[in-house]
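Below, each chain spelled out in residue letters.
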Amino acid sequence: MTIYCDESGGLNAGTMTFSAVMLTPQAAADIHGRFRSVTGLRGELKGSRISIVERAYLLELFDRAGGRAWIAVAKRETLAQNHGGTWPSDLALYAALLNLAIGRWLPETGGVCTDVVIDEGRYDPAILAKVREDIQAGLGGWGRASLADSRRSDGVQIADVIANSLFNIAVGSPRAHRIQRIIEPMLASKAIRVAELTQVS
């Protein structure tokens with residue numbers, strides 16, 4: 001199995017969400033391919049660009065394929081400030097959410113080798129390389145952490161839609177109610193689980 005990762009939002013938007021989606025590479029390719037063939041989507045699949053109906057269809061494909069996800073969420077209103085009254089940096093928050101989401105997965109892998117694929121688009125490659133090294137150290141011999149261009153990764157694009165879905169719900173966007181209805185069955189079945197981050201150490 002592979003854990004595909006992507007994030008949505010930031011403290012300037014009130015919330016940052018980070019999704020860690022577990023799928024086989026073949027399942028990710030099948031979901032993405034089917035979605036494109038039915039919707040006629042061109043360009044990169046992103047949660048901020050698709051309609052509610054398209055989002056529901058993608059998440060239905062994800063659920064049917066046995067996909068699962070941990071979503072780490074940090075909300076400005078419940079996040080502790082640093083000593084001195086400053087907020088954590090965007091990078092520190094990103095790394096903490098990534099560690100929380102991956103950390104929830106590792107005990108469930110049963111020691112089976114699991115690769116982690118992280119979207120390379122948010123930060124400078126040198127900065128993300130350090131984040132990747134930290135995740136690799138946490139994985140130990142369980143798997144390999146790598147960076148990927150989201151435009152070329154089926155799984156990262158799926159992770160983007162899921163992170164964006166939880167972001168919309170967290171900030172109470174105009175689409176939040178309908179997205180909540182789409183996600184509810186997956187939350188109930190624990191195909192999608194949410195962990196809240198309240199402090200960046």
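One numbering rule holds for all chains: residues counted from 1, following each sequence as written. Only residues with pLDDT of at least 70 are given local features in this predicted model, and only at 80 or more are side-chain atom pairs given and counted; all residues enter the totals for whole chains, interfaces and linings. Note: side-chain values were computed over all heavy atoms of the structure, leaving out hydrogens and water.

**Q** Sorry, what's going on with the overall build of the chain here?
**A** Helices and strands together make up the secondary structure of the chain, namely six helices and six strands. Reading the chain from its N terminus to its C terminus gives the helix and strand order β-β-α-α-β-α-β-α-β-α-α-β. The globule rule used here is 2.2 Å times the number of residues to the 0.38 power, and the radius of gyration it is set against is calculated over C-alpha atoms. Relative to the globule expectation of 17 Å for 201 residues, the C-alpha radius of gyration of the chain, 16 Å, shows essentially globular dimensions. Dimensions along the principal axes, computed over C-alpha positions, put the chain at roughly 50 × 40 × 30 Å. A run of H or I in DSSP counts as a helix once it spans at least four residues, and a run of E counts as a strand once it spans at least two, with each numbered from the N terminus.

**Q** Just to check I follow, could you spell out the nonpolar core for this structure?
**A** The nonpolar side chains of soluble globular proteins are, as a tendency, buried together. Of all hydrophobic cores here, the largest spans 32 residues; its most connected members are Leu-93 and Tyr-94. Counting residues per element, the ones that place at least two in this core are strand E1 (2-10), strand E2 (15-23), strand E3 (68-75), helix H3 (90-105), strand E4 (115-119), helix H4 (125-139) and strand E6 (192-197). The element that contributes the greatest number of residues to this core is H3, accounting for nine residues. Residues in contact with Leu-93, not counting those within four places in the same chain, are Leu-11, Met-16, Ala-74, Leu-79, Leu-197 and Val-200. The criterion is simple. A nonpolar core is a set of buried Ala, Val, Leu, Ile, Met, Phe, Trp, Tyr and Cys residues joined through side-chain atoms within 4.5 Å. For every residue, the accessible area (1.4 Å probe, protein chains only) is compared with the maximum for its type, and the residue is labelled buried under 20%, exposed over 50%, or partly exposed between those bounds. Ranked by size, the runner-up nonpolar core spans 31 residues in total, among them Leu-23, Leu-45, Val-156 and Met-186. It only takes one pair of heavy atoms within 4.5 Å for two residues to be counted as in contact.

**Q** Looking at this structure, how should I read the sheet that holds E3?
**A** Strands belonging to one sheet form pairs held by backbone hydrogen bonds; the direction of such a pair is parallel or antiparallel. In spatial order, the strands read E5-E4-E1-E2-E3-E6; together these six strands make up an open sheet with mixed pairing. Bordering the open sheet on either side are strand E5 (145-148) and E6, each of which pairs with just one other strand. In this sheet, neighbouring strand axes are inclined to one another by 20° on average, regardless of whether the strands run parallel or antiparallel. Axis definition: a line fitted to C-alpha atoms, over the contacting stretch in the case of helices. Angles run 0 to 180 degrees between N-to-C directions. Across the sheet, H3 is in contact with E1, E2, E3, E4 and E6; its angle to E2 comes to roughly 35°. Should DSSP find at least two bridges between two strands, the strands are regarded as paired.

**Q** How do you make sense of the packing of helix H1 (residues 25-39) against helix H5 (residues 154-171) when you look at a structure like this?
**A** Packed helices, taken two at a time, are described by their axes: the angle between them and the distance between them. It is the contact of H1 with H5, at a shortest axis distance of 8 Å, that shows an interaxial angle of 70°. When the axis of H1 is compared with that of H5, the two are roughly perpendicular. Both H1 and H5 take part in a crossing whose hand is left-handed. Residues Ala-28, Ala-29, Ile-31, His-32 and Arg-36 of H1 form the contact with H5, whose participating residues are Asp-154, Gly-155, Gln-157 and Ile-158. We call Asp, Glu, Lys and Arg charged. Ala, Val, Leu, Ile, Met, Phe, Trp, Tyr, Cys and Pro are nonpolar, and the rest, Gly among them, are polar. Taken together, the residues of the contact of H1 with H5 break down into four nonpolar, three polar and two charged. With respect to orientation, any angle under 35 degrees is reported as roughly parallel, any angle over 145 as roughly antiparallel, any angle of 65 to 115 as roughly perpendicular, and every other angle as oblique. The sense of a crossing depends on the near helix, which, turned anticlockwise from the far helix by less than a right angle, makes the crossing left-handed and, turned clockwise, makes it right-handed.

**Q** Looking at this model, I keep getting lost on the pairing of E3. Mind explaining?
**A** Most of E3 is tucked away, with six of its eight residues classed as buried. Note: E2 against E3, eight bridges, orientation antiparallel. Note on E3: the bridge partner recorded for Met-16 is Ala-74.

**Q** What is the right way to read the layout of surface pockets from this model?
**A** Gaps left between atoms are located by rolling a probe of water-molecule size over the structure's atoms. Any residue with an atom within 4 Å of a point lines the site, the site being either a cavity, points on a 1 Å grid over the protein atoms alone where a 1.4 Å probe fits but cannot get out, or a pocket, an open set with protein on both sides within 12 Å along at least 5 of 7 lines. Grid points are joined across faces, edges and corners, and a volume is the space filled by probe spheres set on the points. By volume, the largest pocket amounts to about 160 Å³. As for the largest pocket, its lining consists of 13 residues, and the residues nearest its centre are Asp-6, Glu-7, Ser-8, Lys-46 and Asp-160. For the lining of the largest pocket, the secondary-structure elements that each account for two or more residues are E1 and H5. With three residues, the single largest contributor to the lining of the largest pocket is E1.

Keep in mind these numbers describe shape, not what the thing actually does.
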